[in-house]
2 protein chains.
Amino acid sequence: MKTLSRKDEIILVAAHLFNEKGYKAVSMRDIAKAMDIKAASLYNHISGKQEILSEIILKVAEEFTVGMEKMVSESISAIKKVEKVIELHIDITVNHSEALAALNNDWMHLESENLKAFVQMREDYEENFRSIIKEGIDNGEIKSYHPEVILFSILSTLRTLYLWNQKRGKLDVNILKKDMVSVLIKGIK
Amino acid sequence: MKTLSRKDEIILVAAHLFNEKGYKAVSMRDIAKAMDIKAASLYNHISGKQEILSEIILKVAEEFTVGMEKMVSESISAIKKVEKVIELHIDITVNHSEALAALNNDWMHLESENLKAFVQMREDYEENFRSIIKEGIDNGEIKSYHPEVILFSILSTLRTLYLWNQKRGKLDVNILKKDMVSVLIKGIK
DNA sequence: TAACAAAACTAACGCTTGTTAGTTTAACTT
DNA sequence: AAGTTAAACTAACAAGCGTTAGTTTTGTTA
């Protein structure tokens, strides 16, 4: 068990608060109080509120990017790739559930370079996923529905997974992966 | 074309701003500026910021509740009910896309009675949907996956629909309904 | 045209916000 | 024991917040 730096502690506590009320509704004094120190003391470890937000969001965003890029170059079927995307999301969600709340709801409060970097990563990610689906449709692996409908129906589910994971008692990861892959790919009927 | 009351105009403008930056990041002065008046003038029409939020959220929440309750009492198959839930969400999304952003992201900033009312409605809604799915599994219409996985994978997609509808060029409503029902029920494989 | 109501205005309030400056305490290293 | 550094503190700032009070303008009705 690695010990956390003070900075990492702040980021962890902040992520927890952002998860509950959103970035704009959490003050530096709120974060400080949760750590039992005064707000000004936070600045010994971080440069400002914005740095906290970008550390939380960009760190997980990079995990998605790396995971996706590792996958696209593999020579496996399109359906298999979709399965791997699902599993990637589940793994990241289990480990960074609270950071995902910020990523989903507070990304627009990133500033300048941070914002640009995030938006770029998200666009690339979606484009990669879109290509996988189109490839699957072209070679007959995937039914020929509007690709955008398939893309967003799967991605919506995966992106909101963190909410459900926090609610009702954290379903077992492996059962989740198995049923999720089935439901999203083979349907419910 | 019915003319809007000044109050309704404020609510519409506010919903638009909340959609972009979230409730806490939008000030009364922001809303006023978007209407070309001063912040204090808003109070001739509404009692405060909280009333704006609750009008936006609770109005659509009631549409969902009414739609769902009309459905549960119908004597149609479980799958048919799921289809109707999907269509209900699509119809509401098309008409109130911006209000849905507030409903999804800012409901936690509702206060006291407003918050209680919302949470109750949402719980009832989910419970109704859960019952439909369980009924479908029990009588063999729906595959026997973990009901919670089915519930949240469909509901996640429907709840985030407003985001995708705002992005890429608003897919035609009827194509959307048709493909969406197919993807969510019959799968993509 | 006088009266009334609707809807805007200016000015200010008390409070919270993110952040800075300067200082003190606590904990290691020599 | 002295020196150094990490990490806390107090105090304050300028700006922004939601909201109120009181006043003026605008538009409709009698």
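Residues numbered from 1 in each chain as written. Chains lettered and ligands numbered in written order. Predicted model: local features only at pLDDT ≥ 70, side-chain atom pairs only at ≥ 80, totals over all residues. Heavy atoms only, no water.

Q: Which parts of the structure should I look at to understand the protein's contact with DNA strand D?
A: Contacts to DNA strand D come from 16 residues, most closely from R6, K38, N44 and H45 of chain A together with Y43 of chain B. When atoms of DNA strand D within 4 Å of the protein are sorted by moiety, sugar and phosphate together comprise 54%. Separating a base nitrogen of DNA strand D from a side-chain N or O atom of R29 of chain B is a distance of 2.8 Å. Separating a phosphate oxygen of DNA strand D from a side-chain N or O atom of Y43 of chain B is a distance of 2.7 Å. Among the elements of the structure, helix 3 (39-42) of chain A together with helix 2 (28-34) of chain B are those that each provide at least two residues to the surface near DNA strand D. Split into classes, the residues belonging to the surface near DNA strand D amount to six nonpolar, five polar and five charged. (Near = heavy atom within 4 Å. Polar contact = N/O pair within 3.5 Å; in protein donor to acceptor, adjacent residues only side chain to side chain. Helix = DSSP H or I, 4+ residues; strand = E, 2+ residues; numbered from the N terminus. Nonpolar A, V, L, I, M, F, W, Y, C, P; charged D, E, K, R; others polar.)

Q: Whenever I open this one, the protein's contact with DNA strand C confuses me. Can you help?
A: Taken together, 16 residues sit near DNA strand C, with Y43 of chain A together with R6, K38, N44 and H45 of chain B positioned nearest. In the interface set of DNA strand C, defined as its atoms within 4 Å of the protein, sugar plus phosphate atoms amount to 53%. Separating a phosphate oxygen of DNA strand C from a side-chain N or O atom of Y43 of chain A is a distance of 2.7 Å. Taken together, the residues of the surface near DNA strand C sort by class into six nonpolar, five polar and five charged.

Q: Is there a simple way to think about the relation of the copies chain A and chain B in this case?
A: What connects the two chain copies is a rotation about an axis and a shift along it. When chain A is fitted to chain B, the best match, at an RMSD of 0.0 Å, comes from turning it 180° and sliding it 0.0 Å along the axis. Viewed as a symmetry operation, the transformation between the two copies matches a two-fold axis. The residues that chain A uses at the interface reappear at the interface of chain B in 100% of cases, marking a shared surface. (Least-squares fit on C-alpha atoms with pLDDT ≥ 70 in both. Contact = heavy atoms within 4.5 Å.)

Q: Any chance you could explain the packing of helix 1 (residues 6-21) of chain A against helix 4 (residues 49-72) of chain A here in plain terms?
A: Two numbers describe a pair of packed helices, the interaxial angle and the distance between the axes. Residues and elements named next belong to chain A. Following both chains from N to C, one finds helix 1 and helix 4 inclined at 80°, their axes separated by 10 Å at the closest point. With respect to each other, helix 1 and helix 4 are oriented roughly perpendicular. Facing K7, D8, I10, I11, A14, A15 and F18 of helix 1, the residues of helix 4 in contact are E51, I52, L53, E55, I56 and K59. For the contact of helix 1 with helix 4, the class distribution of residues is eight nonpolar, no polar and five charged. (Axes fitted to C-alpha atoms, helices over the stretch in contact; angles between N-to-C directions. Parallel < 35°, antiparallel > 145°, perpendicular 65-115°, else oblique.)

Q: How should I be thinking about the interface of chain A and chain B in this particular structure?
A: Interface size is commonly expressed as the accessible surface area that is lost when the partners come together. Residue-level contacts link 43 residues of chain A with 43 residues of chain B. At the boundary of chain A with chain B, the tally comes to two salt bridges. A salt bridge links K167 of chain B to E126 of chain A, with the shortest nitrogen-to-oxygen separation between them at 2.9 Å. Here chain A is connected to chain B by 13 residue pairs in polar contact (both at pLDDT 80 or more). Listed by contribution, the elements that provide at least two residues to the side of chain A that touches chain B are helix 1, helix 5 (78-105), helix 6 (112-138), helix 7 (147-159), helix 8 (161-166) and helix 9 (173-186) of chain A. It is helix 7 of chain A that provides the largest number of residues to the side of chain A that touches chain B, a total of 11 residues. Looking at the side of chain A that touches chain B residue by residue, the classes come out as 20 nonpolar, nine polar and 14 charged. (Salt bridge = Lys/Arg side-chain N within 4 Å of Asp/Glu carboxyl O.)

That's the geometry; what it means functionally is another story.
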